[in-house]
Every structure is written in structure tokens, then in C-alpha cells.
Amino acid sequence: MIVLGIETSCDETAVALYDSNANRVIGQKLHSQTDLHRLYGGVVPELASRDHARCLAYLTRELLEKNHLDFRDVQGLAYTEGPGLVSALLVGAMFGRSLAYSLNISAVGIHHMEAHLLITLFEHPEITFPFLALLVSGGHTLLVQVNEIGQYQIFGESLDDAVGETFDKAAKLLGLPYPGGPAIETLAQKGKASHFKLPHPLLNQKNFNFSFSGLKTALLNVVQKQKNLTEPIRADIAYIFQKTVVEILLEKTRRTLRHTQLNQLVIVGGVSANQTLRQAFDEGIKAEGINVYYPSIAYCTDNAVMVAYSGYHRLNRGERADLAVKIKPKWSLETLG
Ligand code: KG4
Ligand code: ZN
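All residue numbers here refer to positions counted from 1 along the written sequence of the relevant chain. Key to labels: chains lettered from A, ligands numbered from 1, both in the order written. Since the coordinates come from a predicted model, pLDDT governs what is reported: local features require at least 70, and pairs of side-chain atoms require 80 or more to be given and counted, while whole-chain, interface and lining totals use all residues. By convention in this description, side-chain values take in all heavy atoms of the structure and omit both hydrogens and water.

Draft legend 1. The overall build of the protein, seen in detail. Helix and strand content of the protein: 10 helices and 10 strands. With the radius of gyration taken over C-alpha atoms, the globule rule is written as 2.2 Å times the number of residues to the power 0.38. At 20 Å, the protein has a C-alpha radius of gyration in line with the 20 Å of a compact globule built from 337 residues. Projected onto its principal axes, the C-alpha coordinates of the protein cover approximately 65 × 45 × 30 Å. Taken over 337 residues, the protein has a buried fraction of 55%. Contacts between residues were defined by any pair of non-hydrogen atoms, one from each residue, lying within 4.5 Å. Taking the contacts inside the protein whose residues are at least 6 apart along the sequence as the reference set, 72% of them involve residues at least 24 apart. Exposure was quantified through the Shrake-Rupley algorithm and a 1.4 Å probe, taking into account, for residues, occlusion by the shown protein chains and nothing else. Entry remark: accessible area of the protein is about 14,400 Å², with carbon and sulfur atoms responsible for 52%. His is not counted here, nor are the chain ends, while Lys and Arg score as positive and Asp and Glu score as negative. To locate a charge, take atom NZ for lysine, CZ for arginine, CG for aspartate or CD for glutamate. For the protein, the distance from the average position of its 32 positive side-chain charges to the average position of its 33 negative side-chain charges is 5 Å. To qualify as a helix, a DSSP run of H or I must reach at least 4 residues; to qualify as a strand, a run of E must reach at least 2; elements of each kind are numbered from the N terminus. Per-residue accessibility, obtained with a 1.4 Å probe over protein chains only, is compared with the maximum for each type, and a residue is labelled buried under 20%, exposed over 50%, and partly exposed between these values.

Draft legend 2. Inspection of the packing of helix α5 (residues 163–173) against helix α7 (residues 213–225) at higher detail. Where α5 contacts α7, the two axes come as close as 10 Å, and the packing angle between them is 15 degrees. Here α5 is positioned roughly parallel relative to α7, judged by the angle of their axes. In this structure, the crossing between α5 and α7 has a hand that is right-handed. Touching Lys-169, Ala-170 and Leu-173 of α5 are Lys-216, Leu-219, Leu-220 and Val-223, all from α7. Working convention: axes come from line fits to C-alpha atoms, limited for helices to the stretch in contact. Angles between N-to-C directions cover 0 to 180 degrees. Each angle receives one of four descriptions, namely roughly parallel if under 35 degrees, roughly antiparallel if over 145, roughly perpendicular if within 65 to 115, and oblique otherwise. Here a crossing is called left-handed whenever its near helix is offset anticlockwise from the far helix by less than a right angle, and right-handed whenever the offset is clockwise.

Draft legend 3. How the structure looks around helix α4 (residues 112–123). Under the 1.5 Å per step criterion, the end-to-end length of α4 is 17 Å for 12 residues, consistent within 8% with the ideal 16 Å. Most of α4 sits inside the fold, with 11 of its 12 residues counted as buried. Given the number of residues in a helix, its expected span is that number minus one, multiplied by 1.5 Å.

Draft legend 4. Just the coordination of the zinc ion (ligand 2), in detail. Excluding water, the donors of a metal are its N, O and S neighbours within 2.8 Å, or within 3.2 Å for Na, K and Ca, and that exclusion means sites may look incomplete. Within the protein, the atoms that donate to the zinc ion (ligand 2) are His-112 (NE2), His-116 (NE2) and Asp-302 (OD), at distances of 2.0 Å. Of note, the donors binding the zinc ion (ligand 2) are all from one chain and are spaced H-x3-H-x185-D. One end of the pair, His-116, is in helix α4; the other, Asp-302, is in the loop between β10 (291–293) and α10 (305–316), and 186 residues separate them in sequence. Like His-116, the residue Asp-302 is buried in the burial classification.

Draft legend 5. Main features of the pairing of strand β8 (residues 151–157). In this description, strands pair whenever DSSP reports at least two bridges between them. Bridge analysis of strand β7 (residues 141–148) against β8 gives 6 bridges, and the strand direction is antiparallel. Bridging from a neighbouring strand, Val-146 pairs with Tyr-152 of β8. Hairpin connection, β7 to β8: the antiparallel pair is bridged by 2 residues, and Gly-150 has positive phi, about 95 degrees.

Draft legend 6. Region of interest: the site of ligand 1. Taken together, 21 residues lie near ligand 1, and Gly-138, Asp-168, Gly-181, Glu-185 and Asn-274 sit nearest. We define a polar contact as two N or O atoms separated by no more than 3.5 Å, with the added condition that, inside protein, one atom must be a possible hydrogen donor and the other a possible acceptor, whereas residues neighbouring each other in sequence contribute only through side-chain atom pairs. Note that an oxygen atom of ligand 1 is positioned 3.0 Å from one of the backbone N or O atoms of Gly-164. At 2.7 Å from an oxygen atom of ligand 1 is found a side-chain nitrogen or oxygen belonging to Asp-168. Listed by contribution, the elements that provide at least two residues to the shell around ligand 1 are α4, α5 and α6 (180–188). For this classification, the nonpolar set comprises Ala, Val, Leu, Ile, Met, Phe, Trp, Tyr, Cys and Pro, the charged set comprises Asp, Glu, Lys and Arg, and every other residue, Gly included, is treated as polar. By residue class, the composition of the shell around ligand 1 is 5 nonpolar, 12 polar and 4 charged. One heavy atom within 4 Å of a molecule or strand is enough for the residue carrying it to be called near that molecule or strand.

Draft legend 7. Up close: the environment of Tyr-239. With respect to the helices, strands and loops of the structure, Tyr-239 is situated in helix α8 (residues 231–260). Residues Tyr-239 and Ser-332, 93 residues apart in the sequence, show an inter-C-alpha distance of 33 Å. Leave out the neighbours within four places in its chain, and Tyr-239 touches Ala-188, Gly-191, Lys-192 and Ala-193.

Draft legend 8. Spatial organisation of the confidence of the model for the protein. What pLDDT reports is the predictor's confidence in each residue, on a scale of 0 through 100. Predicted confidence across the protein gives a mean pLDDT of 97, with 100% of residues reaching 70 or more. Taking the mean pLDDT of every element in the protein, the minimum, 93, falls on helix α1 (residues 34–38) and the maximum, 99, on strand β1 (residues 2–7).

Draft legend 9. Just the packing of aromatic side chains, in detail. Within 6.5 Å between ring centres, the rings of Phe, Tyr and Trp (the latter by its six-membered ring) count as paired, and their orientation is classed by plane angle as stacked under 30 degrees, edge-to-face over 60, tilted in between. One pass over the structure, following the stated rule, counts 8 aromatic pairs. Between the aromatic rings of Tyr-18 and Tyr-309, the centroid separation amounts to 5.1 Å while the plane-to-plane angle is 85 degrees, which identifies the pairing as edge-to-face. Taken together, the residues span a long stretch of sequence, with Tyr-18 in strand β2 (residues 12–19) and Tyr-309 in helix α10 at a distance of 291 residues. When sorted by exposure, Tyr-18 lands in the same class as Tyr-309, which is buried. An aromatic cluster of at least three residues, connected via ring pairs, comprises Tyr-18, Phe-122, Tyr-309 and Tyr-312. Across from the ring centre of Trp-331, 4.2 Å away, lies the NZ or CZ of Lys-328, which sits over that ring. Geometrically, a charge over a ring is one whose NZ (Lys) or CZ (Arg) sits within 6 Å of the ring centre while staying within 35 degrees of the ring normal.

Draft legend 10. Highlighting the nonpolar core. For this analysis, a nonpolar core means a set of buried residues of the types Ala, Val, Leu, Ile, Met, Phe, Trp, Tyr and Cys, connected via side-chain atoms within 4.5 Å. In terms of nonpolar packing, the biggest core is built from 47 residues, with Leu-134, Ile-184, Phe-241, Leu-249, Leu-265, Ile-267 and Phe-281 touching the most fellow members. Elements supplying a minimum of two residues to this core: β6 (131–136), α5, α6, α7, α8, β9 (264–268) and α9 (275–284). Excluding its chain neighbours within four sequence positions, the residues that come into contact with Leu-134 are Leu-142, Leu-143, Phe-210, Leu-249, Thr-253, Leu-265, Val-266, Ile-267, Val-268 and Phe-281.

Right under this line is the structure:
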């Protein structure tokens, strides 16, 4: 079955084709809106949805043409149903649902975070259930036990800001452009351990939850205390910020692994592209005999390959979206089946 995947939950317009018979990705097209939103220091939902509407049809046509395919070759359609920005999700869902109707093929709405997770299973077929997943994106910070596709038990989550959001806000404080994660990572490479100190919120509490808003406030205080925010000082602050975030993620994940006795860890979402994070987990978790898996860098951040692949699994289980265009801007993984 050839499945067309459509992703519009935030600021990437993406389409991709997955062929389940050959278990291969046929191709993908991705239009990033970062230049559009950079001026405002973050995603502007109205601009995002307008740009999705502008790009979706031509990206899909280009994707098919480039791969010498026609709309009639598409046998299943998957679009991101949530979680995400209301207006952005609506564009993708409306386009996807209508296209499936006009082609008389089945459509299914996909959970964005499940898609982030499942693409790692595509790349690492050696992973077996159950395993622990750390989902770290712009909107989510979750520690989830994955028993099966659709069977998720949340052990920990952020009580306030998501970790990617924290990177983005920290970047803004340091005068770095959106998106903040890659910008902080690049600047931190020039930084070193210094006298700057940041707190590790919730680390001494015996639960698996995270809190990042206090860290952001502490960072603001550090930045405001600097008389002269020179490049080397900014780099040292970026370094300590990134180090602190990674330490928090590592410690809470380690605790959850001990509690659940799981011996495989899958880390997904935009923040999983971070090399300092990968190095810390490789050193700190793999050393304890636990296998750690990440998606390839292109599949860490938002893409439609993950939607097409998850769509195949859901369609294969007989799931179908009805004709009404539905979205779920807030949607817990635990409610999936
Ligand atoms: O998964 P994603 O592309 O979109 C959402 O589902 O939210 O994640 C985007 C987030 C942004 O907050 C971005 O700053 C962060 O992932 N990010 C990173 C890196 N690359 C992207 N954070 C830290 N280091 C990176 N290299
Ligand atoms: Zn995402």
C-alpha cells in the first residue's frame, strides 16, 4: 500500500510517501516556515496556517511528479490530527480528508507524538516491546512506557514548559534566533564550564515529572546580572543551560528505567537531535547495559515520513477517519488504543 502522509501541526509543511509492500520511504517534501516566524521570535499560528494552505497542494504534486507517480497511485492517506496548533492542524486535516474523499481512498488521523515514536521503530526494527520512550519536542516532555503500538503509559511529564519550548525561550533571552534549540547547541560549543549556576527543578522529588519554568527564570536572572553580555559570556551561559537541561532529562529517565526495569530506551522529538544530549545518554545510560535508540537527525524534527509510516500501521489495523474533518489540538497518548 502506498500511503501519503501530511504533517501540518506546527511550522513545517511536509508530505511524504511510504510504500508498505517494499517497507520503504518513496520520498518526501518539506517546506520549513522558520524564516517566516523568525521575525516574531516564535510561531505565529495564523501565519503558519496560511502558509500551510499555500504550500500543501503544490508540495504534494511535486512529490508525486518527482517520484513518477500519480494521485491515483496513492492508496491510503494519513494526516496529523493532533496535538498541535488548531488552525495549522485544520489545514492539513481538511486537505487530507478532502483529497482522500476525492480519490475514494481510506484516510486516518494520526497522533503527532506517536508518529515521532513509530518512525524510530521503522529505523530500528530490532527494538522490541515493551520499552521506555523519552519524547522531547517543542510541545511535549514525556516519559512513556510503550507496551505495544497504541498502548502507552505515561510515567512523567512536564508540569509547565516543554523542553523544546525552554530551549526556544532561553535562546530568545540570549538574543539567538528561532528555533532556539539548534542555536543554543551551536553557541554552547564555544562555551565552557564557568561560575554560572542554574537550578535542577524537581530533581530532589521522588517522581518522574519535569518542571522547566523555574530554570527559565533563573536563566533570566543570570542574563540580567551581566553588565556586558559578550559573546564568550553568552556561550558560557548557553553551555551551562544545555548541560543543566540534559542532566535533568538524564536523571529522571534513569529513575524511570530503574522503576520500570525496562532495558531499552527510545528518545524522539526535535530535542533528540541535540548531540550533547545524545552523548550524555550514551555515556550515562548505555553504560548501565541499556540499549538507547534515536531516530536519524532528519526524523527527529517534524516531518511527514513519520505520519505516512504511522498511517500505514493505523490503516492496516482497519482504522478509518469518518467524513467529518476532526482535529484534536490537545490529545493524550494514553487515550490511544
Ligand atoms: O519535534 P519538533 O520538530 O516539533 C514539535 O513537535 O514540537 O521539535 C521542535 C523543538 C523546538 O523547540 C526546537 O528548538 C527543538 O525541538 N530542537 C532542538 C534541537 N533541534 C530542534 N533542541 C535542542 N537541540 C537541538 N539540536
Ligand atoms: Zn513534532
